[in-house]
Amino acid sequence: MGVDSKPAVVVGAGPAGLCAAIELKRAGAPVVLMDENGKPGGQLFKQIHKFFGSREHSAGTRGFEIGRRLLADSLELGIDVRLDTEVVGIEPGLGVWAVERRSRSYTLEAGCVILATGASENGLAFPGWTLPGVMTAGCAQTLVNVHRVLPGRRVLIVGSGNVGVIVGYQLLQAGAEVAAIIEGAPALGGYGVHTAKVRRAGVPFYCGTTILRAEGEEGVERAVIAKVDRGFKPIAGTEETLEVDTICIAVGLTPALDLAYLAGCKPIFVPELGGNMPLHDGYMRSSVEGVYVVGDTAGVEEASTAMEEGRLAGIHAAYALGFLGEAAMRERTEATWGRLDSLRQGVFGQKRFAAKARILAEGKVRA
Ligand SMILES: Cc1cc2nc3c(=O)[nH]c(=O)nc-3n(C[C@H](O)[C@H](O)[C@H](O)COP(=O)(O)OP(=O)(O)OC[C@H]3O[C@@H](n4cnc5c(N)ncnc54)[C@H](O)[C@@H]3O)c2cc1C
């Protein structure tokens, strides 16, 4: 065992990347975990709310606590974690091109590469969208939960999915007023448990409604919203003006694909999971030999599924590099598939399950 001395390189130290690195290291494989941030954990350290689901998926635990546990495990295992290290290219033959602290650049020859770079937030363009005070919901969440800075006093949230609703609640907890959450679709998008909390706090929700423009001199002072018809066209005469100083855009996430494209991974378009993403199989192997894709990069879901996908890739990569026998790889993989299936249940989960099944059916890219 251990035939290849080149390390497995995991790009992105969010839940998916941390779990992949932990599986590799536990199997005895050399592993380097890189993240462009100064702190590992990805999105987890912004999640101050309790997760739900099953106990084995840390239901009832706050996101940042899950992050802390994963970090403690990775430190205990002695994983080579390189922070402030941005990966800017994957060269043919699996050379990982990294830039450390925006100054030193180097290429690391990898035995395999696991891309766990997460997703980016979608923007929305409307007149006034460049005014100070218009930001993505994730940006507002980073300001409040990481830097302890309130982005504004009175906020409009555009988008009623989990991100919009959770960030709305966290802004309320931090002392802001949420003037409204508007949603273009005819029905709300987030889990009922989150929506109910925000509604109980007195925040009005408007479905079938969009933002027409943001107004103000030096920054946002007002938002003009309007009802939309079935074709998403604003209905004249339904305009309403809200006095707000902040507008948070929460209209979905798109898998971060730059490195997967640079590596030459074949894409697939799956709107239910965020649009374009790298095609992959059940072990999270992309179409390029030695390159795995996991977590939000392989289709936007949740932290719990990201962790399990990270484990799948870590287990298979340890096997491919010669650090894990086939029987152990199969046994651990089957157990992980079982846990993933149990996560993809319920109304929202079943949609994701069906979408993933489509990718995996098409993703039999290699034998
Ligand atoms: C408001 C909100 C609430 C949520 N609530 C829940 C919840 O209750 N339950 C749940 O299960 N999930 C929840 N999620 C979703 C969850 O946070 C994400 O699905 C999860 O973090 C995805 O994990 P990941 O490891 O794929 O990506 P991320 O956590 O995004 O990590 C990606 C990492 O890659 C790094 N990176 C990116 N590009 C590079 C590069 N080129 N070089 C080096 N490093 C790079 C980034 O710095 C980052 O650390 C929530 C998300 C949000 C925004």
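Structure: see above.
Residues numbered from 1 in each chain as written. Predicted model: local features only at pLDDT ≥ 70, side-chain atom pairs only at ≥ 80, totals over all residues. Heavy atoms only, no water.

1. Some points on the site of the ligand
Heads up, the condition is: By convention in this text, a residue qualifies as near a molecule or strand provided that one of its non-hydrogen atoms is within 4 Å of it. In protein, a polar contact means a hydrogen-donor-capable atom and an acceptor-capable atom, both N or O and within 3.5 Å, with residues adjacent in sequence counting only if both atoms are side-chain atoms; elsewhere, any N or O pair within 3.5 Å suffices. To qualify as a helix, a DSSP run of H or I must reach at least 4 residues; to qualify as a strand, a run of E must reach at least 2; elements of each kind are numbered from the N terminus. By the convention adopted, Pro, Cys, Tyr, Trp, Phe, Met, Ile, Leu, Val and Ala count as nonpolar, Lys, Arg, Asp and Glu as charged, and the other residues, Gly among them, as polar. Boundaries between domains were set according to an automatic or database domain assignment.
Taken together, 31 residues are adjacent to the ligand, and Asp35, Gln43, Gln47, Asp296 and Ala303 come closest. Ala303 is positioned with one of its backbone polar atoms (N or O) 2.9 Å from an oxygen atom of the ligand. Between the ligand and the protein, one listed contact pairs an oxygen atom with a side-chain N or O atom of Ser304 at 3.2 Å. Secondary-structure elements contributing two or more residues to the shell around the ligand are helix H1 (15-26), strand E4 (85-91), helix H4 (162-173) and helix H7 (303-320). Its residues assigned to classes, the shell around the ligand shows 12 nonpolar, 13 polar and six charged. Looking at which domains feed residues into the shell around the ligand, each of domain 1 (8-120 + 253-362) and domain 2 (129-249) gives three or more.

2. With respect to the nonpolar core
What counts here: Nine residue types can take part in a nonpolar core, namely buried Ala, Val, Leu, Ile, Met, Phe, Trp, Tyr and Cys, and a core is a set of them joined through side-chain atoms within 4.5 Å. For each residue, the accessible area found with a 1.4 Å probe, counting protein chains only, is set against the maximum for its type, and the residue is called buried under 20%, exposed over 50%, and partly exposed in between. Contact between two residues is taken to exist if any of their heavy atoms lie within 4.5 Å; hydrogens are not considered.
Judged by nonpolar contacts, the single largest core of 65 residues is most densely connected at Leu24, Met34, Ile114 and Leu115. Sorting elements by how many residues they give to this core places H7 first, with eight residues. Setting aside its immediate chain neighbours within four residues, Leu24 contacts Ala8, Val10, Ala29, Val31, Ile114, Gly314, Ala317, Ala318 and Leu321.

3. Points about the packing of aromatic side chains
A ring pair, where both rings are aromatic, is described by two values, the distance of the centres and the angle of the planes. Condition: Geometry of aromatic contacts follows a simple scheme: Phe, Tyr and Trp rings, the Trp one being its six-membered ring, pair when their centres are within 6.5 Å, and the pair is stacked under 30 degrees between planes, edge-to-face over 60, tilted otherwise.
Counted according to the given criterion, the structure contains one aromatic pair. Ring centres of Tyr283 and Trp337 lie 5.6 Å apart, and the angle between their planes is 45°; on these two criteria the pair is classed as tilted. Placement of the pair is Tyr283 in the loop between strand E19 (275-278) and strand E20 (291-293) and Trp337 in helix H8 (residues 326-343), with a sequence separation of 54 residues. Its relative accessible area of 15% is what places Tyr283 among the buried residues.

4. Brief notes about the packing of H4 against helix H5 (residues 192-200)
Heads up, the rule is: Axis definition: a line fitted to C-alpha atoms, over the contacting stretch in the case of helices. Angles run 0 to 180 degrees between N-to-C directions. Crossing handedness is defined as follows: a turn of the near helix away from the far one that is anticlockwise and smaller than a right angle gives a left-handed crossing, while the clockwise case is right-handed.
Remark: H4 packs on H5, axes separated minimally by 9 Å, with the N-to-C direction vectors making an angle of 40°. Between H4 and H5 the crossing geometry is left-handed. Where H4 approaches H5, its residues Asn162, Val165, Ile166 and Tyr169 are matched on the opposing element by His194, Thr195, Lys197 and Val198. Residues belonging to the contact of H4 with H5 are distributed by class as follows: four nonpolar, three polar and one charged.

5. Quick look at the sheet that holds strand E7 (residues 112-115)
Whether parallel or antiparallel, the strands of a sheet pair through hydrogen bonds between backbone atoms. This is how the line gets drawn: When DSSP finds two or more bridges between two strands, those strands count as paired.
With parallel pairing, five strands are arranged side by side in an open sheet as E3-E2-E1-E7-E20. Here the strands that pair on one side only, and so sit at the sheet edges, are strand E3 (80-82) and E20. Within this sheet the neighbouring strands show an average axis-to-axis angle of 20°, counted without direction. By the bridge criterion, three bridges tie strand E2 (residues 31-34) to E3 in an arrangement that is parallel. Paired with Leu33 across the bridge in E3 is Val81. In the packing of H1 onto the sheet, the strands contacted are strand E1 (8-11), E2 and E7, and the crossing angle to E2 comes to about 165°.

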